[in-house]
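Commentary on secondary and tertiary structure
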Amino acid sequence: MRPGRIITYVVLILAAVAVIFPVYYVVAGSIMSPGQISSYPPDLFPHGIFTGNYKGTASSGTPIGQQYVNSILQTSIITLSQLITSVLAAYAFVFMKMWGRTVLFGLFLATLMVPWESIVLPNYLTITGWSIGGERLTASYAGTMIALVLPFLANAFGVFLLRQSFLQFPVELRDAATIDGAGHWRFLSRILIPLNKPALMAVGLYVFLSAWNQFFWPLLIGDSASRRTLQIGISQLNDAEAADPGLILAGVTLSILPTLAIVIFGQRFIVRGLTAGAIR
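Computed from a predicted structure; not experimentally measured.

A count of helical and extended segments in the chain gives 14 helices and 2 strands. Here the C-alpha coordinates of the chain stretch approximately 75 × 70 × 35 Å along the principal axes. Scored against the burial criterion, the 280 residues of the chain give a buried share of 36%. At a minimum sequence separation of 6, the contacts of the chain that also span at least 24 residues come to 71%. Of the roughly 16,300 Å² that the chain leaves accessible, carbon and sulfur atoms contribute 69%.

Structure representation (structure tokens):
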């Protein structure tokens with residue numbers, strides 16, 4: 001072990017501890033009793049498993065269970081929709097000849113430079129001004145869910161990433177599929193998508209994490225606690241139960257479990273998908 005390598009390992013271990021410790025303490029604190037959480041110096045390890053924090057979260061005035069369902073439904077719809085639209089748009093940009101394709105793709109990428117804060121008000125005024133059957137769109141649960149997902153059904157980042165992945169596809173295989181009589185849909189579903197699973201997984205995981213952690217739009221569009229998402233519920237739990245940090249830690253633990261599982265089990269897909277095409 002050379003001194004330089006030892007220093008590298010020490011730095012990496014310290015960085016890992018700095019990243020992992022907050023997550024660990026959130027989970028550990030969620031099963032600590034109120035007395036243990038407020039003890040000084042603070043305890044780093046729980047003395048047994050205290051389930052009162054989770055029971056208190058479920059019985060609080062904030063409908064955490066319904067908000068959890070809302071988050072899962074909203075995130076699933078956005079992820080599936082962006083995967084479909086990104087695949088179709090990226091395929092068109094790579095394999096379909098059209099006039100002004102490069103210029104159109106540049107305009108597509110330009111949308112990534114528009115800050116979300118500059119379009120949130122026009123989106124809000126547009127969606128809240130719509131009505132279905134003479135009733136305001138967000139007057140029902142289904143309408144609120146439509147309003148939650150509508151501005152995020154398509155995104156230029158997924159199109160860009162998949163386009164870069166599709167550009168690495170061998171032209172000979174495309175020509176061979178055409179000679180064999182494979183049309184656009186058959187080539188896309190039977191050949192192109194199975195060979196680009198890492199890029200698709202990377203886009204799906206990125207979209208899932210972004211949608212799951214949304215805060216401002218669900219807060220703005222939801223007109224009641226039962227129609228908002230989990231992130232809003234945790235904020236409301238913080239306001240209502242500021243004297244009991246165990247409830248807040250329990251709510252945060254419920255929130256990070258899906259994202260933590262995705263990062264742990266999908267890390268290799270994220271790395272492979274984001275680096276696709278970087279090495280020839």
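Here the narrative resumes.
Below, the discussion takes up the UniProt feature "transmembrane region" (unreviewed entry) in the chain. Cross-referencing UniProt, the feature "transmembrane region" (unreviewed entry) maps to residues 7-27, 72-95, 102-121, 141-162, 199-220 and 247-271 in the present numbering. As annotated, residues 141-162 comprises 73% helix and 0% strand, and the C-alpha atoms at either end are separated by 34 Å.

This part is about the packing of helix H4 (residues 64-95) against helix H10 (residues 184-195). Two elements in contact, H4 and H10, have axes whose closest approach is 12 Å; the angle formed by their N-to-C orientations is 105 degrees. It follows that H4 is roughly perpendicular to H10 by the angle criterion. Facing Val87, Leu88, Tyr91 and Phe95 of H4, the residues of H10 in contact are His184, Trp185, Phe187, Leu188, Leu192 and Ile193. Residue classes in the contact of H4 with H10 are distributed as 9 nonpolar, 1 polar and no charged.

Attention now moves to the side chain of Thr138. Mapped onto the secondary structure, Thr138 falls in the loop between strand E2 (135-136) and helix H7 (141-149). A distance of 2.3 Å separates polar atoms of two side chains, one belonging to Thr138 and the other to Arg136.

The next thing to look at is the packing of aromatic side chains. Applying the stated criterion to the full structure yields 17 aromatic pairs. Plain terms: the ring middles of Phe169 and Phe187 are 5.4 Å apart, the flat faces sit at 80 degrees to each other, and that makes the pair edge-to-face. Of the two residues, Phe169 sits in the loop between helix H8 (156-166) and helix H9 (171-179) while Phe187 sits in helix H10, which places them 18 residues apart along the sequence. Here the two residues Phe169 and Phe187 agree in accessibility, since each one is buried. Put simply, the rings of Tyr91, Phe95, Phe166, Phe169 and Phe187 pair up and form one aromatic cluster. Looking at Arg163, its charged tip hangs above the ring of Phe105, at a distance of 4.0 Å from the centre.

So, about the nonpolar core. In terms of nonpolar packing, the biggest core is built from 31 residues, with Tyr91, Phe95, Leu162, Phe166, Phe187, Leu192 and Trp217 touching the most fellow members. Those elements that place two or more of their residues in this core are H4, helix H6 (116-129), H7, H8, H10, helix H11 (197-212) and helix H12 (216-221). Counting 8 residues, the second largest nonpolar core, distinct from the first, contains Leu205, Phe208, Leu230 and Ile262.

What follows deals with helix H1 (residues 3-30). Between its first and last C-alpha, H1 extends 40 Å over 28 residues, near the 40 Å set by a 1.5 Å rise per residue. Of all the bends in H1, the largest measures some 35 degrees and sits at Ile20, one to four residues before the proline Pro22. For H1, the set of buried residues is Val26, Ala28, Gly29 and Ser30.

What follows concerns the side chain of Thr253. Mapped onto the elements of the fold, Thr253 is located in helix H14 (residues 245-274). You can call Thr253 buried: its relative accessible area is 3%. Not counting residues within four places of it along the chain, the set of residues in contact with Thr253 comprises Val26, Val27, Ser30 and Tyr54.

Before going further, it helps to examine the pattern of salt bridges. As enumerated under the stated definition, the model contains 2 salt bridges in all. Between Asp223 and Arg136 there is a salt bridge, with its nearest N and O atoms 3.7 Å apart. On the criterion of sequence distance, the pair formed by Asp223 in the loop between H12 and helix H13 (230-240) and Arg136 in strand E2 is long-range, its members being 87 residues apart. Judged by its relative accessible area of 40%, Arg136 is partly exposed. Among the ionic pairs, Arg227 bridges to Asp223, the shortest N-O distance being 3.3 Å. According to the relative accessible area criterion, Arg227 is buried, its value standing at 18%. In this structure Asp223 comes out as partly exposed when scored by relative accessible area, which is 40%. Taken together, the shared-partner salt bridges connect Arg136, Asp223 and Arg227 into one network.

What counts, and at which threshold
Residues numbered from 1 in each chain as written. Predicted model: local features only at pLDDT ≥ 70, side-chain atom pairs only at ≥ 80, totals over all residues. Heavy atoms only, no water. Helix = DSSP H or I, 4+ residues; strand = E, 2+ residues; numbered from the N terminus. Buried < 20%, exposed > 50% of the residue type's maximum accessible area, 1.4 Å probe, protein only. Contact = heavy atoms within 4.5 Å. Areas by Shrake-Rupley, 256 points an atom, 1.4 Å probe, with all protein chains shown as cover. UniProt positions renumbered as here; feature names shortened; annotations may be inferred. Axes fitted to C-alpha atoms, helices over the stretch in contact; angles between N-to-C directions. Parallel < 35°, antiparallel > 145°, perpendicular 65-115°, else oblique. Nonpolar A, V, L, I, M, F, W, Y, C, P; charged D, E, K, R; others polar. Polar contact = N/O pair within 3.5 Å; in protein donor to acceptor, adjacent residues only side chain to side chain. Phe/Tyr/Trp six-rings, centres within 6.5 Å; stacked < 30°, edge-to-face > 60°. Lys NZ or Arg CZ within 6 Å of the ring centre and 35° of its normal. Core = buried A, V, L, I, M, F, W, Y, C linked by side-chain atoms within 4.5 Å. Expected span 1.5 Å × (residues − 1). Bend = angle between axes of the 7 residues up to and from the residue. Salt bridge = Lys/Arg side-chain N within 4 Å of Asp/Glu carboxyl O.

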